[in-house]
Amino acid sequence: MEMLINSKHISTEERMEVTNPYDNSIVDTIPVADEKIVHDAIKSAKNSKNKMTNLSSREIYYRLTEACTELKEQKEDIAKIITKETGKPINGSLYELDRSIETLMFAAEESKRVYGENVPIDAGLGGEGVMAFTKKIPLGVVAAITPFNYPVNLAIHKLAPALAARNTVILKPSKEAPLSGLMLAEILANHFPEGVINTLTGSGKLIGDLLVTNDDINKISFTGSVPIGTHIAKNAGMKKLTLELGGNDPTIVLKDADIEKAVSDIVNGAYLFSGQVCMGVKRVIVERDIIDEFTENLVKQTGKLKVGNPMNKDTDIGPLINTKAVEYVNEVVNDAVSNGANVEIGAKVKNNFYWPTVLTGIKEDMKIVSNETFGPIAPIIEAQDIDEAINIANNSKYGLNAGVFTENIHSALKCVNSIESGSVFVNKASTFRTDNMPFGGFKNSGMGKEGIKYAVEDMCKTKLIGFNLN
Ligand code: NAD
């Protein structure tokens, strides 16, 4: 595929291969942008700003709605590309497209609700006789930088609210999985004026650093790992920032939980897309009294998962994104085992596949749970009671989502009030998100919220307008 700059397809002599992690075949190649091309994209987005401010809210709504119709028409094709470039099982890719269609519609709806407010300015000394109100105005140019794991829906969570708030955009997708995001950008570009939607592919570091440090970019909306998010925060200067970063999400199972419900949700939460999900269950914290029964059930359900070709509709577990990712998961599992953890099931490796794995005897300082592990692992940590479970959950530099299973309202309330994370769900694992909810972590998991209404607010600046009526 090619990049899109000022409505023209841009190629380069140097190309990068996009490989299918299932069989290492080449899916396609992408251009490698150099410094000049990055500046061309910034110029295109900057020069197109007034094309967006000239559009009415009504016009934006219809354009986003029409783009949504086109996305629906291309749903199957884009889902297949997600599966080819990421190894995500096809049902998961189709579900990502369903979510993306809904996310785009949320943005279309929100484009009609970009409200300012009446300001009772006469409540302040000197304000008598002055009438004032606020207006939400676009930021200008939004750079959207996305990771490999949800290449379409996470791009929509940035592009669609940016457009709803009348900004122009530059999308920089992950080099591991750029194709589906580029397809999405092409669809959006079909419905907006020339130069409003631009894309860049190639080196994340070169393009990222140039976008982050350029004064013509007004906002960086980034989803990805903590180290790169931290690097961006250091370099961004006065730009607005939204950082949706990594997670190490806990899910607590208390002794009065419905164990069957907890197990079935944790199986989904820990192994969804082979654990390569920011809000995946990364730490399973189980109260001592039920740990044997819980573990036995979890192992039984884990053993039923089908590992195989991600294009098959009955596959639950596909490959990890690349060999480096498999090596990392293998390394942290081996490290845990050499420090006393037990493999209850799984820990098998073949090519880019890592089998779903239940580990017991996990200590909090083991690498596998002290850092984010992006793999299909359910590491079980024992807690003697609810207080210890909460302490373990909070003993993390991350704070994205959390889950707690209990049938006791007092325990539920204690957990939701004490756990330090952007969302806490009772009787649901941490791996839960709808696309209209405010989503974004505490601590190192990031800053700002996505979820269309919240993202649109963050894609605007507020101007106060006053009239002296004296
Ligand atoms: P990554 O941080 O390696 O890459 C993310 C993006 O940053 C890519 O497009 C990459 O090219 C780009 N990049 C690289 N160097 C850059 C630089 N110097 N400046 C700017 N951008 C640069 O992440 P990944 O491996 O693609 O994705 C996995 C990570 O994303 C995990 O940590 C996961 O938890 C996180 N994630 C978070 C959320 C969330 O909403 N909180 C959602 C999905 C994934």
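The sections below set out a description of the structure shown in this document. If you're wondering where the values come from, they're calculated on a predicted model, not measured in any experiment.

### Quick look at the overall build of the protein chain
- For the protein chain, the helix and strand inventory stands at 16 helices and 24 strands.
- By the compact-globule yardstick of 23 Å for 470 residues, the protein chain fits well, its C-alpha radius of gyration being 23 Å.
- Here the contacts in the protein chain between residues at least 6 apart in sequence split such that 73% fall between residues at least 24 apart.
- As displayed, the protein chain has an accessible area near 19,500 Å², and 49% of this comes from carbon and sulfur atoms.
- Taken as two groups, the 51 positive and 60 negative side-chain charges of the protein chain have centres that lie 5 Å from each other.

### Structural notes on the sheet that holds strand β6 (residues 130-138)
- Spatial ordering of the open sheet is given by β5-β6-β24, a layout of three strands whose pairing is antiparallel. In this open sheet, the two edge strands, each paired with only one partner strand, are β5 (118-119) and β24 (460-468).
- Pairing analysis gives two bridges linking β5 to β6, with the strands arranged antiparallel. Pairing of N118 across the sheet is with F133, part of β6.

### A short note on the pattern of salt bridges
- Within this structure, the stated rule accounts for 20 salt bridges.
- Put simply, K46 and D216 hold a salt bridge, and the shortest N to O gap is 3.5 Å. In this pair, K46 sits in helix α1 (residues 35-47) while D216 sits in the loop between α8 (204-213) and β10 (219-223), placing the two residues 170 residues apart along the sequence.
- Of the residues examined, K46 reaches a relative accessible area of 37% and is grouped as partly exposed.
- A salt bridge links R113 to E110; its shortest N-O distance comes to 3.1 Å.
- On the basis of relative accessibility, which here comes to 40%, the residue R113 falls in the partly exposed class.

### What about the site of the ligand?
- Contacts to the ligand come from 29 residues, most closely from T146, K172, S225, L245 and E372.
- Interatomic distance of 3.1 Å between a backbone N/O atom of F148 and an oxygen atom of the ligand.
- Compared with its free state, where it exposes 860 Å², the ligand has 89% of that area covered by protein.
- Contributions of two or more residues to the shell around the ligand are made by α8, β10 and α9 (226-235).
- With four residues, the single largest contributor to the shell around the ligand is α8.
- Its residues placed into classes, the shell around the ligand shows 13 nonpolar, 11 polar and five charged.

### Concerning the environment of Y150
- Following the sequence through the fold, Y150 ends up in the loop between β7 (141-145) and α6 (153-164).
- Spatially, the C-alpha atoms of Y150 and A177 are 9.0 Å apart, while their sequence positions differ by 27 residues.
- In contact with Y150, not counting residues within four places along its chain, are K88, E96, R99, A155, L272 and V277.

### Remarks on the nonpolar core
- Residues L71, L104 and I197 are the most contacted members of the largest nonpolar core, which totals 50 residues.
- The biggest single contributor to this core is helix α7 (residues 179-189), with eight residues.
- Ranked by size, the runner-up nonpolar core spans 41 residues in total, among them A325, L359, A393 and V404.

### Some remarks on helix α11 (residues 291-303)
- For α11, which comprises 13 residues, the first-to-last C-alpha distance of 18 Å matches the rise-based estimate of 18 Å (1.5 Å per residue) to within 8%.
- Every buried residue of α11 is listed here: I291, F294, T295, L298 and T302. One side of α11 carries all its buried residues, which in axial view fall inside an arc of 95°. What points out from α11, more than 90 degrees from its buried face, is the exposed set D292, E296 and K300.

### With respect to the pairing of strand β17 (residues 357-360)
- Residues T357 and L359 line one face of β17 and the alternating positions V358 and T360 line the opposite face, and both faces are buried.
- Bridge analysis of strand β14 (residues 342-345) against β17 gives three bridges, and the strand direction is antiparallel. Bridging across to β17, V343 finds its partner in L359.
- Bridge count between β17 and strand β18 (residues 377-383): three bridges; the pairing is parallel.

### Observations regarding the packing of helix α4 (residues 75-86) against helix α5 (residues 90-110)
- Where α4 meets α5, the axes come as close as 8 Å, and the angle between the chain directions of the two elements is 130°. Relative to α5, the element α4 is oriented oblique. Regarding α4 and α5, the two cross each other, and that crossing is right-handed. Facing K75, E76, I78, A79, K80, I82 and T83 of α4, the residues of α5 in contact are I90, S93, L94, E96, L97, D98 and I101.
- Residue composition of the contact of α4 with α5, grouped by class: seven nonpolar, two polar and five charged.

### As for unusual backbone geometry
- A positive phi angle, close to 60°, is found at N24, a residue other than glycine.
- The class for N24 is exposed, based on a relative accessible area of 52%.
- The backbone of K443 sits at a positive phi, close to 50°, despite the residue not being glycine.

### Things to note about helix α15 (residues 409-418)
- All of the buried residues in α15 are S411, A412 and C415. Looking down the long axis of α15, one finds its buried residues gathered within 100° of arc, a one-sided arrangement. α15 presents I409, H410 and N417 as exposed residues on the side facing more than 90 degrees away from its buried surface.
- The N-terminus of α15 is capped by N408, whose side-chain oxygen sits 2.7 Å from the backbone nitrogen of H410.

Scoring rules and cut-offs
Residues numbered from 1 in each chain as written. Predicted model: local features only at pLDDT ≥ 70, side-chain atom pairs only at ≥ 80, totals over all residues. Heavy atoms only, no water. Helix = DSSP H or I, 4+ residues; strand = E, 2+ residues; numbered from the N terminus. Rg over C-alpha atoms; globule rule 2.2 N^0.38 Å. Contact = heavy atoms within 4.5 Å. Areas by Shrake-Rupley, 256 points an atom, 1.4 Å probe, with all protein chains shown as cover. Lys, Arg positive; Asp, Glu negative; His and termini not counted. Charge placed at Lys NZ, Arg CZ, Asp CG, Glu CD. Pairing = 2+ DSSP bridges. Salt bridge = Lys/Arg side-chain N within 4 Å of Asp/Glu carboxyl O. Buried < 20%, exposed > 50% of the residue type's maximum accessible area, 1.4 Å probe, protein only. Near = heavy atom within 4 Å. Polar contact = N/O pair within 3.5 Å; in protein donor to acceptor, adjacent residues only side chain to side chain. Nonpolar A, V, L, I, M, F, W, Y, C, P; charged D, E, K, R; others polar. Core = buried A, V, L, I, M, F, W, Y, C linked by side-chain atoms within 4.5 Å. Expected span 1.5 Å × (residues − 1). Arc of directions from axis to C-beta. Axes fitted to C-alpha atoms, helices over the stretch in contact; angles between N-to-C directions. Parallel < 35°, antiparallel > 145°, perpendicular 65-115°, else oblique. Left-handed = near helix turned anticlockwise from the far one by under 90°.

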